[in-house]
Amino acid sequence: METEKHCLRVVVKVGTSTLTHDTGRLNLHNMELLARTLSDLEGMGHEVILVSSGAIAVGTAKMGLKARPTELRMKQAAAAVGQCMMMHLYDKMFGEYNRVVAQILLTGEDVDAPVRAEHLHNTFESLLELGIIPVVNENDSVSSAEIETGKCKVLGDNDTLSAMVARLCRADLLVLLSDIDGLYDADPHANPSARLIHRVEAVTPELRAMAGGAGSWRGTGGMATKLSAAELAMGAGVDMVITNGARPEDLYGVVNGEDVGTRFVAKPPCSALS
Ligand SMILES: Nc1ncnc2c1ncn2[C@@H]1O[C@H](COP(=O)(O)OP(=O)(O)O)[C@@H](O)[C@H]1O
Ligand SMILES: N[C@@H](CCC(=O)OP(=O)(O)O)C(=O)O
């Protein structure tokens, strides 16, 4: 008899808008709550992988630049500075709960190249086996992935990267923590009467038309990149949930399958359809 699976392998992605204030400085409250909740989920037996943005915004502030750089090479420099600070803080905050973290920086090409993907997979497996929490970000300083969002060019987006990581690690669940409660039928910042969509079975053109760009100067990609991530995750058999990063404790409900945020339901494997 098959027993019910309670412990999940969960990839949690947190965006810059959750990790920083509008001033560009770190949101220590959100970061600490996140470290505490993820440490607790790991203590409950779940395997946790954190995909964290924030390096460029934090590096910009640390370098004393007045505004987020627009030039690619300066963004890459800011990412190099900010990533150090992010890992220093994560090491400290998770350390408070006796948890060990590990840094993994990668690009889309690393996940796509079979040999590098195998090495990455083995590294993730070894870390998780030891109860270590991998903290992933795009390797912005070497990445050539640039996407167009709105008027300006930005580096690759971590929404898609987190779905690639979830697929690579054969995760059960991907959670995107954003500055909003989930996917609405229109951008609530532009349309206050927009309604939250609780469950999505397929990413359709109609749904794509509802998804706009980033909600703040700190965000990247908005709901458009989150829907691309959802398509990738669902196709790989991974459920994806978008929920609000200001309430990391909602993750307890999310792993229990409760109705929190927007859940994108994974496609059943082909063999289950026949
Ligand atoms: N249909 C929609 N539903 C919800 N949010 C939307 C929608 N369309 C656009 N958005 C915008 O997406 C933003 C979240 O994405 P983003 O700014 O990239 O932040 P992050 O990557 O940090 O989560 C929201 O603040 C909102 O303004
Ligand atoms: N890799 C970049 C973030 C890219 C990204 O997708 O940002 P976000 O939309 O805040 O998740 C960084 O660390 O600043």
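Residues numbered from 1 in each chain as written. Chains lettered and ligands numbered in written order. Predicted model: local features only at pLDDT ≥ 70, side-chain atom pairs only at ≥ 80, totals over all residues.

Let us look at the packing of helix α7 (residues 158–168) against helix α9 (residues 222–235). Between α7 and α9, the shortest axis-to-axis distance is 8 Å and the interhelical angle comes to 10 degrees. When the axes of α7 and α9 are compared, the pair comes out roughly parallel. As for how α7 packs across α9, the hand of that crossing is right-handed. Within the contact between the two elements, α7 uses D159, T160, S162, A163, M164, A166 and R167 and α9 uses T225, K226, S228, A229, L232 and A233. Along the lines of polarity and charge, the residues of the contact of α7 with α9 split into six nonpolar, four polar and three charged. (Axes fitted to C-alpha atoms, helices over the stretch in contact; angles between N-to-C directions. Helix = DSSP H or I, 4+ residues; strand = E, 2+ residues; numbered from the N terminus. Parallel < 35°, antiparallel > 145°, perpendicular 65-115°, else oblique. Left-handed = near helix turned anticlockwise from the far one by under 90°. Contact = placed C-beta atoms within 7 Å. Nonpolar A, V, L, I, M, F, W, Y, C, P; charged D, E, K, R; others polar.)

In this section: the nonpolar core. L174 and A233 are the most contacted members of the largest nonpolar core, which totals 65 residues. Tallying contributions element by element places α9 first for this core, with seven residues. Those residues in contact with A233, other than ones at most four positions away along the chain, are A163, A166, L174, V238, M240 and F264. (Core = buried A, V, L, I, M, F, W, Y, C linked by C-beta atoms within 7 Å. Buried ≥ 20, exposed ≤ 12 C-beta atoms within 10 Å, placed from the backbone.)

Okay, helix α4 (residues 72–96) next. Since the α-helix turns once every 3.6 residues, residues separated by three or four places project in the same direction. With 25 residues, α4 extends 36 Å from end C-alpha to end C-alpha; this agrees with the ideal 36 Å at 1.5 Å per step. For α4, the set of buried residues is K75, A78, A79, G82, Q83, M86, Y90, M93 and F94. Two residues or fewer past α4, N98 is found with a positive phi of approximately 60 degrees. (Expected span 1.5 Å × (residues − 1).)

Take the pairing of strand β1 (residues 9–14) next. Where burial is concerned, most of β1 is hidden: five out of the six residues are buried. Bridge count between β1 and strand β7 (residues 173–178): five bridges; the pairing is parallel. Bridged to V12 within β7 is V175. (Pairing = 2+ DSSP bridges.)

Attention shifts here to the UniProt feature "binding site: ATP" (unreviewed entry) in the protein chain. The feature "binding site: ATP" (unreviewed entry), as given by UniProt, occupies K13, S178, D179, T220, G221, G222, M223, A224, T225 and K226 in the numbering adopted here. Its place among the elements puts A224 in helix α9. Looking at the secondary structure, you find K226 in helix α9. Overall, the presence of 26 C-beta atoms within 10 Å leaves K226 in the buried class. Setting aside anything within four residues of it in sequence, one finds K226 in contact with D159, L176 and I242. (UniProt positions renumbered as here; feature names shortened; annotations may be inferred.)

This next bit is on the packing of helix α3 (residues 55–62) against α4. Viewed as axis vectors pointing N to C, α3 and α4 meet at an angle of 95 degrees, and their least axial separation amounts to 6 Å. By the angle between their directions, the pair α3 and α4 is classed as roughly perpendicular. Across the interface between the two elements, A55, I56, A57, V58, G59, T60 and K62 of α3 pack against K75, A78, A79, A80, V81, G82, Q83, M85 and M86 of α4. Class assignment of the residues belonging to the contact of α3 with α4 gives a composition of ten nonpolar, four polar and two charged.

Let us look at α9. Compared with an ideal rise of 1.5 Å per residue, which puts 14 residues at 20 Å, α9 spans 21 Å between its outermost C-alpha atoms and is within 8% of the ideal. When you tally the buried positions in α9, you get ten out of 14 residues, the bulk of the element. Residues G222, M223, T225, K226, L227, A229, A230, L232, A233 and M234 constitute the buried set of α9. If you follow the buried residues of α9, they end up packed against α7, β7, β8 (199–200), α8 (205–210), β9 (239–244) and β10 (262–264).

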